[in-house]
Amino acid sequence: MNSRYSAADLENLLEGVVAAARGAASDIMAVYSGGFDVEHKSDTSPLTEADLASHRRLTGEIAPLDTAVLALSEESGPEQFAARHHTRHLWLIDPLDGTREFVKRNGEFCINVALVEDGVVRLGLLLHPPTGVYWWGAQGLGAWRVDEQGRHPLKVTVPCPTPVRVAASRSHGHPAVEAYYARLGETERCPQGSALKFARVAQGEIDVYARLASRCSEWDVAAGQCIVEQAGGQVVDETGQPLRYNQRDSLIVHNFLAYGDTSRPWLEAIDGIAVHD
């Protein structure tokens, strides 16, 4: 199905998304610099005022960029979640990805924003509030890192080196992931919190990021997938199919691999590993 968005359209939308994310980053860091309370949601995940302040900023400023697109955040209410079943287009927003890392004050958290059309991510942004650095990718525009020195193109590492550099989660390790990595041969562990792992795959610092047999949500993955794909890599499920969004009753993602060198048979190492939680 043809996209309604040209490359110029996506570039225009990106400008507004970056502005909103920068404002949300300021809101997050204002909370981070002081004391804050930590609540817990029904799934036991932590929630702070930084999550809520970022949610308000992002949904309030991104929704008007294209009024035909639903802005759905992790902290949205039931009305928005119900509306997603009736739209082809939506923004998937995680206002503070890595709240556990935020609470630990290790700096490894980010803002995730993705534009989805008919299940496919057309634009993705990850922004790191402590530094202001952001990574973005969009169909027809490639993938880029933007920092104080300017804009830098992103490219995954090909061919995959030895040892294989594997993403090690700060807060969501799982035996299935360890079993998978053990089958890859010699590896070098690269600890990293939040969706910043996708950024490191895209800029060639990590070769594979496996998330197996543990739940995350579509807003945790969508932006990172777009950036990795536009940098030359792939993000697939356990059957090798690219992830698609807003296509099911649930927004839960159970398994995925994000990797750079697409010529390597990454899926073969999954055989026989229990990947369903």
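All of these numbers come straight from a predicted model, not from anything done at the bench.

Caption draft 1: Just the nonpolar core, in detail. Counting 60 residues, the largest nonpolar core has Tyr 180 and Phe 198 as its most contacted members. The leading source of residues in this core is helix α7 (residues 218–230), at seven residues. What Tyr 180 contacts, discounting residues up to four positions off in sequence, is Val 208, Ala 210, Leu 212, Leu 257, Trp 266, Ala 269, Ile 270 and Ile 273. Judged by nonpolar contacts, the second largest core, of 36 residues, contains Tyr 32, Leu 115, Leu 123 and Tyr 134.

Caption draft 2: Summary view of unusual backbone geometry. Cis peptide bonds are those with omega within 30 degrees of zero, and the linkage from Val 158 to Pro 159 qualifies with 0°. Position of Pro 159 among the secondary structure elements: in the loop between β9 (150–153) and β10 (164–169). In the segment running from Thr 162 into Pro 163, the intervening peptide bond is cis, with an omega of 0°. A positive phi angle, close to 60°, is found at Arg 105, a residue other than glycine. Take Arg 105: it is sitting in the loop between α4 (99–104) and β5 (110–117). One non-glycine residue, Ala 213, lies in positive phi territory at about 60°. Within the fold, Ala 213 resides in the loop between β12 (208–211) and β13 (216–217).

Caption draft 3: Region of interest: the packing of helix α1 (residues 7–32) against helix α2 (residues 49–62). Axis separation between α1 and α2 bottoms out at 8 Å; the angle between their running directions is 160°. The angle between the axes of α1 and α2 places the two elements in the roughly antiparallel class. For the crossing formed where α1 meets α2, the hand is right-handed. Between α1 and α2, the residues in contact are Val 17, Ala 19, Ala 20, Ala 21, Gly 23, Ala 24, Asp 27, Ile 28 and Val 31 and Glu 49, Ala 50, Ala 53, Ser 54, Arg 57, Leu 58, Glu 61 and Ile 62, respectively. Residues that form the contact of α1 with α2 fall into these classes: eleven nonpolar, two polar and four charged.

Caption draft 4: Expanded view of the sheet that holds strand β7 (residues 134–138). Strand order in the open sheet made by the seven strands is β3-β4-β5-β6-β7-β8-β9, with mixed pairing throughout. The open sheet has two edge strands with one neighbour each: β3 (70–73) and β9. For this sheet the average axis-to-axis angle between neighbouring strands, irrespective of direction, equals 20°. Where strand β4 (residues 89–97) meets β5, seven bridges bridge the pair, whose relative direction is antiparallel. The residue bridging Trp 91 from the neighbouring strand is Leu 115, located in β5. Sheet strands touched by α7: β3, β4, β5, β6 (120–127), β7 and β8 (142–147). Its angle to β6, the strand with the most contacts, is close to 100°.

Caption draft 5: Highlighting the pattern of salt bridges. Overall, the coordinates contain 14 salt bridges when judged by the stated rule. The partner of Lys 104 in a salt bridge is Glu 101, and the shortest N-O contact between them spans 3.9 Å. With a gap of three residues between them, Lys 104 and Glu 101 both fall in helix α4, about one helical turn apart. The partner of Arg 122 in a salt bridge is Glu 117, and the shortest N-O contact between them spans 2.8 Å. Pair check on accessibility: Arg 122 and Glu 117 agree, each one buried. One connected set of salt bridges, linked through shared partners, spans Asp 27, Arg 57 and Glu 61.

Caption draft 6: Expanded view of α7. Taking 1.5 Å per residue as the helical rise, α7 with its 13 residues ought to reach 18 Å, and the 18 Å between its terminal C-alpha atoms agrees with that figure. The element α7 is largely enclosed, with a buried count of eleven among its 13 residues. Within α7, burial applies to Glu 218, Trp 219, Asp 220, Val 221, Ala 222, Ala 223, Gly 224, Gln 225, Cys 226, Ile 227 and Val 228. In the stretch just after α7, Gly 232 is the one whose phi turns positive, near 105°.

So, how was this worked out
- Residues numbered from 1 in each chain as written.
- Predicted model: local features only at pLDDT ≥ 70, side-chain atom pairs only at ≥ 80, totals over all residues.
- Heavy atoms only, no water.
- Core = buried A, V, L, I, M, F, W, Y, C linked by side-chain atoms within 4.5 Å.
- Buried < 20%, exposed > 50% of the residue type's maximum accessible area, 1.4 Å probe, protein only.
- Helix = DSSP H or I, 4+ residues; strand = E, 2+ residues; numbered from the N terminus.
- Contact = heavy atoms within 4.5 Å.
- Axes fitted to C-alpha atoms, helices over the stretch in contact; angles between N-to-C directions.
- Parallel < 35°, antiparallel > 145°, perpendicular 65-115°, else oblique.
- Left-handed = near helix turned anticlockwise from the far one by under 90°.
- Nonpolar A, V, L, I, M, F, W, Y, C, P; charged D, E, K, R; others polar.
- Pairing = 2+ DSSP bridges.
- Salt bridge = Lys/Arg side-chain N within 4 Å of Asp/Glu carboxyl O.
- Expected span 1.5 Å × (residues − 1).

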